[in-house]
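# An overview of the molecular structure
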Amino acid sequence: MTTKKPIRVAVTGAAGNIGYALLFRIASGEMLGKDQPVILQLLEIPTEGAQKALKGVAMELEDCAFPLLADMVLTDDANVAFKDANWNLLVGSKPRGPGMERADLLKDNGKIFIAQGKAIDAVAADDARVAVVGNPCNTNVMIAAAQAKRLTADRFTAMVRLDENRGRAQLAKKAGVSINDVSDLFIYGNHSPTMFADFTHAKIGGKPAAEVIGDEAWLKNDYLPAVGKRGAAIIEARGLSSAASAANALIDHVRDLTTVGAVHSVAVNSEGRYGFAEGVWAGMPVKTTATGYEVITSYEMDDFAKSKIALTNDELVGERDTVKDLLAS
Ligand code: NAX
């Protein structure tokens, strides 16, 4: 039996679709290790329906008798959910309603992330880290980080790992190779169809992907839009948005951020890297270190890649403009 101190993992939107695919994997040790006990601190909105559904999920977690699940906290209060939390997984947000403009969604969800950013900064653990999944995740993480006075900006990340996993899978399929043969595929920019899945540096079996695929037009005109619009394709096919694959990507995101030497795509404060505007959160490759991560800045972009990065940067800057009042509050 393990003697490690439990890690506190706060999850928002815990009774939602992604929550249902996520919590059981965290509790079984797939995210933080098979010898690492966890305490799940689960936040849902204060409606009777959401709180009841959350109780149901907690009952199922109990029924799994997970040896690593040391405790659970169920709440509608952010200050309780984030109390002493080491990992803060911000999954919950409002879906886009009928007739709702993207700008309204940005502003509505932005308010959630102001309150949660404040609460995390006030009550979470000193080593707290944040991973935002709720969309628009790049802008939501920027809003949450703007509230932080105690925690530094590098503690705040957003998830583009689902896009990386999708991009690797599509390259493997096209080349007819195992997923393990595809490497160095990183996502730049926004988690939206403008993202740039950088096939120009990707490798298949150690060789440049473009050389192995041998079809530049396919990479530019089919592959990139297919990766960018994969979320919409899943909704079209399933009638529901990606949940299991999103939960899986979040497990990958956190596990790789706690595995020294792992190289993976994370949306971080751009600090002007790769031509992104200062202060927007953009996907880029990072390497995990003993204390956090360092951004890999050594990839040289050609004109095509630069034009794609400029496009996704424009969208991120536009989103930031839409929520500028929230950033100042
Ligand atoms: P669901 O609508 O099934 O669940 C969301 C849950 O969040 C609901 O139970 C709701 O009550 C709760 N919630 C809403 N506001 C909250 C708040 N202020 N505090 C706590 N809980 C709150 O959505 P689900 O399919 O689980 O998706 C969750 C989010 O992930 C959405 O914003 C979605 O767009 C986003 N996604 C992000 C992805 C990414 O790669 N970054 C991919 C998958 C997904 O689309």
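Position numbers for residues count from 1 along each chain, tracking the sequence in the order it is written. The model is predicted, so local features are restricted to residues of pLDDT at least 70 and side-chain atom pairs to those at 80 or more, both for listing and for counting; the totals for chains, interfaces and linings are taken over all residues. Just so you know, side-chain values use all the structure's heavy atoms and leave hydrogens and water out.

Looking now at the nonpolar core. Residues grouped as a nonpolar core are buried Ala, Val, Leu, Ile, Met, Phe, Trp, Tyr and Cys residues, joined through side-chain atoms within 4.5 Å. When accessible area is computed with a 1.4 Å probe and restricted to protein chains, residues below 20% of their type maximum are described as buried, those above 50% as exposed, and intermediate ones as partly exposed. Counting 106 residues, the largest nonpolar core has Leu-61, Leu-89 and Leu-171 as the members making the most contacts within it. Here a helix means four or more residues in a row that DSSP labels H or I, a strand means two or more in a row labelled E, and each is numbered from the N terminus. At seven residues, helix 10 (residues 244-257) tops the list of elements feeding residues into this core. In this document the domain limits rely on a domain assignment from an automatic tool or a database. Counting only domains with at least three residues in this core, you end up with domain 1 (7-158) and domain 2 (160-323). Any two residues whose heavy atoms approach within 4.5 Å are treated as being in contact. Not counting the four nearest positions on each side in its chain, Leu-171 is found in contact with Val-182, Leu-185, Ala-202, Ile-204, Ala-209, Ile-213, Trp-218, Leu-219 and Tyr-223.

This part is about the packing of helix 1 (residues 17-27) against helix 10. Every angle, taken between N-to-C directions, lies between 0 and 180 degrees, and every axis is a line fitted to C-alpha atoms, over only the stretch in contact when it is a helix. Two elements in contact, helix 1 and helix 10, have axes whose closest approach is 8 Å; the angle formed by their N-to-C orientations is 40°. On the basis of their axis angle, the class for helix 1 and helix 10 is oblique. For the pair helix 1 and helix 10, the crossing hand works out as right-handed. Residues Ile-18, Ala-21, Leu-22, Arg-25 and Ile-26 of helix 1 touch helix 10, and the partners they reach there are Ala-244, Ala-246, Ala-247, Asn-248, Leu-250 and Ile-251. Angle categories: roughly parallel below 35 degrees, roughly antiparallel above 145, roughly perpendicular from 65 to 115, and oblique for all the rest. Working rule for handedness: look at the near helix, and if it is turned counterclockwise from the far one by less than a right angle, call the crossing left-handed; if clockwise, right-handed.

UniProt positions are given in the numbering used here, feature names are shortened, and annotations may be inferred rather than shown by experiment. Per the UniProt annotation, the sites labelled "domain: Lactate/malate dehydrogenase C-terminal" (unreviewed entry) are residues 161-324. From the first C-alpha to the last, residues 161-324 spans 27 Å; its make-up is 47% helix and 17% strand.

So, about the site of the ligand. What makes a residue near a molecule or strand is one non-hydrogen atom of that residue sitting within 4 Å of it. Residues in contact with the ligand amount to 23 residues; listed here are only the nearest, Asn-17, Ile-18, Glu-44, Ser-93 and Asn-135. Here a polar contact means two N or O atoms within 3.5 Å. Within protein one must be a hydrogen donor candidate and the other an acceptor candidate, and residues neighboring in sequence count only if both atoms are side-chain atoms. At a separation of 2.9 Å, an oxygen atom of the ligand approaches a polar backbone atom of Asn-17. In this structure, Gln-116 approaches the ligand through a side-chain N or O atom, which is 3.3 Å from a nitrogen atom. The method behind every accessible area is Shrake-Rupley, applied with a 1.4 Å probe, and residues are considered shielded solely by the protein chains displayed. Contact with the protein chains hides 82% of the accessible area of the ligand, taken as 880 Å² for the molecule alone. Using a 1 Å grid laid over the protein atoms alone, points where a 1.4 Å probe fits but cannot get out form a cavity; open sets with protein on both sides within 12 Å along at least 5 of 7 lines form a pocket; any residue with an atom within 4 Å of a point counts as lining. A cavity or pocket is said to hold a molecule if more than half of that molecule's atoms lie within 2 Å of its grid points. More than half of the atoms of the ligand fall within 2 Å of the grid points belonging to the largest pocket. Breaking the shell around the ligand down by element, the ones donating at least two residues are helix 1 and helix 4 (102-123). Residues belonging to the shell around the ligand are distributed by class as follows: eleven nonpolar, eleven polar and one charged. Shared between two domains, the shell around the ligand holds at least three residues of each, these being domain 1 (7-158) and domain 2 (160-323). Under the grouping applied here, Gly and all other residues not named as nonpolar or charged are polar, the nonpolar ones being Ala, Val, Leu, Ile, Met, Phe, Trp, Tyr, Cys and Pro and the charged ones Asp, Glu, Lys and Arg.

The next point concerns the pairing of strand 12 (residues 263-269). Of all seven residues that make up strand 12, six are buried, and the element is covered over most of its length. Pairing between two strands requires that DSSP report at least two bridges joining them. The pairing of strand 12 with strand 13 (residues 281-288) spans seven bridges and is antiparallel. Of the residues in strand 13, the one forming a bridge with Val-266 is Met-284.

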